[in-house]
Amino acid sequence: MIRRASLVLVGALMGATAMSVIYSASVPAEAAGSSTYKELSVFGDVFERVRAQYVTPPAEDKLIENAINGMLSSLDPHSSYMNAKDAEDMRTQTKGEFGGLGIEVTMEDELVKVITPIDDTPAAKAGVLAGDYISEIDGQSVRGLKLEDAVEKMRGAVNTPIKLTLIRKGADKPIELTIVRDVVAVQAVKSRVEDDVGYLRIISFTEKTYPDMEKAIKKIKDTVPADKLKGYVLDLRLNPGGLLDQAINVSDALLQRGEVVSTRGRNPDETRRFNAGPGDLTDGKPVIVLINGGSASASEIVAGALQDLRRATVLGTRSFGKGSVQTIIPLGENGALRLTTALYYTPSGRSIQGTGITPDIKVEEPLPEELQGKMVTEGESSLRGHIKGQSETDEGSGSVAYVPPDPKDDVQLNYALDLLRGKKTDPAFPPNPDKAVVAK
């Protein structure tokens, strides 16, 4: 099995965990035309005027950083500039541990939008929900702030409080929460035994994911005899993404062969393909993958690979639909450039950018009464300025991202358990590997 790949990340959005591809090699650039250099001279003139004549002396480094971010944010929601501190924070986050509140966020309509709170973190325990908008941080409006600045305000020393003002759809007035910051150690994989079925939930793709998954499967196999074990549920719901090499390794852990994913850049010679090798950790047991609107990027790579190669049946609702790859280009002491440089493709050659993974078996998760009308469909296609996918339609991508806290109320999970135990049947389960769909 593949256990080494470039250190890359493919997450949904900027937030508490790393979300892009790291690539350390230098990238040659084509020379710009004369008209471009004329425009750059205009930028230089404007910069000098602002620096010399603005009513109060501006911070020159901030002027340049904001100008760079303005350029990058005009490209797509996932390209940005990281100063030295942000770049170091990102490297820390890939290890699966960071300080703060534990929320995945993006910027929308000048407000910080919560994509999802991470399980067992201060934000989740305080009641922050996916789809909430953060309008104020410690009484100060977030309007006019860059996403990086808002995230920085939410970080801080462990055991210090922070007050968030939330706007929630359906709520009569803003919600104020006081949350105590903590070290957020993200458990990459949670597992348990559901009588005769092994349950694996991958929360995020960090450096811990494959090792944690390997240990979890071994523990399940030690608990349930092979002749009693009906199969596995791989839960990728609410998983925002992370390291690409971990997505490849997780897929490879369940496959004997075949292409897992390919990435295709601006030039044909930039195409990279990642293949699985022999060795299935589950010994060929049936697998059902759960996805919803909170399943993005790296989790979509896993779902797409197992679906196309007919190794697993995908159940749930349409995934987020982030099929773009970001390269992190180090800029020495000045931080790093995070730039969208490619799209990734499933083994069948499909790009899920703006479309998402469509489950083999669609099962909606009912919302409790108190959340009805308050949670909205999330997806890449709804992000302002996103790259339009080659197969994107008006239908877009994503779906409601909700998982009941109590497994007995989890309709999607229980549907999967019934399939594995033979209590329910469906033409899509079990899948036939001989009918794998691959690009030709």
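Here the structure is a predicted model, which means the values were calculated and not measured. Within every chain, residues take consecutive numbers counted from 1 along the sequence as written. Where totals are concerned, whole chains, interfaces and linings use all residues; where local detail is concerned, this predicted model gives features only for residues with pLDDT of at least 70, and gives and counts side-chain atom pairs only at 80 or more. With hydrogens and water stripped out, all remaining heavy atoms of the structure feed into the side-chain values.

Caption draft 1: Local environment of the overall build of the protein chain. Strands here are runs of E lasting at least two residues and helices are runs of H or I lasting at least four, both read from the DSSP assignment and numbered beginning at the N terminus. When helices and strands are tallied, the protein chain shows 9 helices and 20 strands. Per-residue burial over the protein chain gives 52% buried out of 440 residues. Here the positive residues are Lys and Arg and the negative ones are Asp and Glu; neither His nor the chain ends is included. Charge placement uses NZ in Lys and CZ in Arg. For Asp and Glu, CG and CD serve respectively. Charge-centre separation for the protein chain: the mean point of 53 positive side chains lies 3 Å from the mean point of 62 negative side chains. Residue burial is assigned from relative accessible area. The probe radius is 1.4 Å, only protein chains are included, and a residue is buried under 20% of its type maximum, exposed over 50%, and partly exposed in between.

Caption draft 2: View of the environment of valine 180. Assignment of secondary structure puts valine 180 in strand 9 (residues 175–180). Along the primary structure valine 180 and tyrosine 402 are separated by 222 residues, whereas in three dimensions their C-alpha atoms are 24 Å apart.

Caption draft 3: Region of the structure containing the nonpolar core. Here, nonpolar core refers to any group of buried Ala, Val, Leu, Ile, Met, Phe, Trp, Tyr and Cys residues whose side-chain atoms link them within 4.5 Å. One finds Met213, Leu234, Leu236 and Val289 to be the most contacted residues of the largest nonpolar core, which totals 44 residues. Those elements that place two or more of their residues in this core are strand 12 (197–202), helix 6 (209–223), strand 13 (231–235), helix 7 (244–252), strand 14 (259–265), strand 16 (287–291), helix 8 (298–308) and strand 19 (336–345). It is helix 8 that provides the largest number of residues to this core, a total of 6 residues. In what follows, residue pairs with any heavy atoms lying within 4.5 Å of each other are defined as contacts. With residues near it in sequence (within four places) discarded, valine 289 still touches Leu234, Leu236, Ala303, Leu306, Ala312, Thr313, Val314 and Leu315. Counting residues in hydrophobic clusters, the runner-up holds 21 residues, among them Leu101, Val112, Val142 and Val151.

Caption draft 4: Focus on the pairing of strand 14. The buried fraction of strand 14 is high, at 5 of 7 residues. By the convention used here, strands pair only if DSSP detects at least 2 bridges between them. Bridging between strand 14 and strand 15 (residues 272–275) involves 4 bridges; their strand directions are antiparallel. Opposite serine 262, over in strand 15, you have arginine 273 as the bridge partner. Once strand 14 ends, the chain turns through 6 residues before running back antiparallel as strand 15. Sheet topology places strand 14 next to strand 19; 4 bridges connect them, and they run antiparallel. Following the sheet pairing, threonine 263 is matched in strand 19 by tyrosine 344.

Caption draft 5: A look at helix 6. Between the first and last C-alpha of helix 6 there are 21 Å, a value that for 15 residues agrees with the 21 Å anticipated at 1.5 Å per step. What helix 6 keeps buried is the set Thr209, Tyr210, Met213, Ala216, Ile217 and Ile220. With its buried residues spanning 120 degrees around the axis, helix 6 presents them on a single face. The exposed residues of helix 6 that point more than 90 degrees off its buried face are Lys215, Lys218, Lys219 and Asp222. Looking at the packing, one finds that the buried side of helix 6 touches strand 11 (189–194), strand 12, strand 13 and helix 7. What a helix should span is 1.5 Å times the count of its residues minus one. By arc we mean the arc of the directions from the helix axis to the C-beta atoms, nothing more.

Caption draft 6: Molecular detail of the sheet that holds strand 17 (residues 313–316). Ordered in space as 11-12-13-16-17-20, the 6 strands form an open sheet in which the pairing is mixed. Each end of this open sheet is capped by a strand with a single partner; those strands are strand 11 and strand 20 (361–362). Note that strand 12 and strand 13 share 5 bridges and pair parallel. The residue bridging arginine 201 from the neighbouring strand is aspartate 235, located in strand 13. Lying over the sheet, helix 6 contacts strand 11, strand 12 and strand 13, oriented at roughly 15 degrees with respect to strand 11. Where helices are involved, their axes are fitted lines through C-alpha atoms of the stretch in contact, as for all axes, and angles between N-to-C directions lie from 0 to 180°. Relative to strand 16, helix 9 (residues 411–420) is tilted by about 165 degrees, and along the sheet it contacts strand 11, strand 12, strand 13, strand 16, strand 17 and strand 20.

Caption draft 7: The arrangement of the pattern of salt bridges in detail. The rule for a salt bridge is simple: a side-chain nitrogen of Lys or Arg has to be within 4 Å of a carboxyl oxygen of Asp or Glu. Applying the stated criterion across every chain yields a total of 26 salt bridges. Taking the shortest distance from any N to any O, the salt bridge between lysine 230 and aspartate 196 comes out at 3.3 Å. Residue lysine 230 is located in the loop between helix 6 and strand 13, and its partner aspartate 196 is located in the loop between strand 11 and strand 12; the two are separated by 34 residues in the primary sequence. One salt bridge in this structure joins arginine 237 and aspartate 235, with 2.8 Å as the shortest N-O distance. Like arginine 237, the residue aspartate 235 is buried in the burial classification. Ionic contacts of the salt-bridge type, sharing partners, join the residues Asp195, Asp196, Lys230 and Arg421 into one network.

Caption draft 8: Focus on the confidence of the model for the protein chain. Within a predicted model, pLDDT stands for the predictor's per-residue confidence, ranging from 0 to 100. In the predicted model, the protein chain carries a mean pLDDT of 88, and the fraction of residues at 70 or more is 92%. Low confidence marks residues 1–9, where pLDDT is under 50. Its contacts with residues over four positions away, or in another chain, come to 40 contacts.

Caption draft 9: Up close: the pairing of strand 16. Along strand 16, 5 of the 5 residues are buried, which leaves the element largely enclosed by surrounding structure. Because side chains alternate across strand 16, one face comprises the buried residues Val287, Val289 and Ile291, and the other comprises Ile288 and Leu290, equally buried. Strand direction decides the pairing type here: strand 13 and strand 16, joined by 4 bridges, are parallel. Pairing of leucine 234 across the sheet is with valine 289, part of strand 16. Judged from the 4 bridges that link them, strand 16 and strand 17 form a sheet pairing that is parallel. Its bridge partner lying in strand 17, leucine 290 is registered against leucine 315. Viewed along the sheet, the connection from strand 16 through helix 8 into strand 17 turns out right-handed. Classification remark: right-handed applies to a crossover when, strands pointing away from the viewer, the course from the first strand over the helix to the second runs clockwise.

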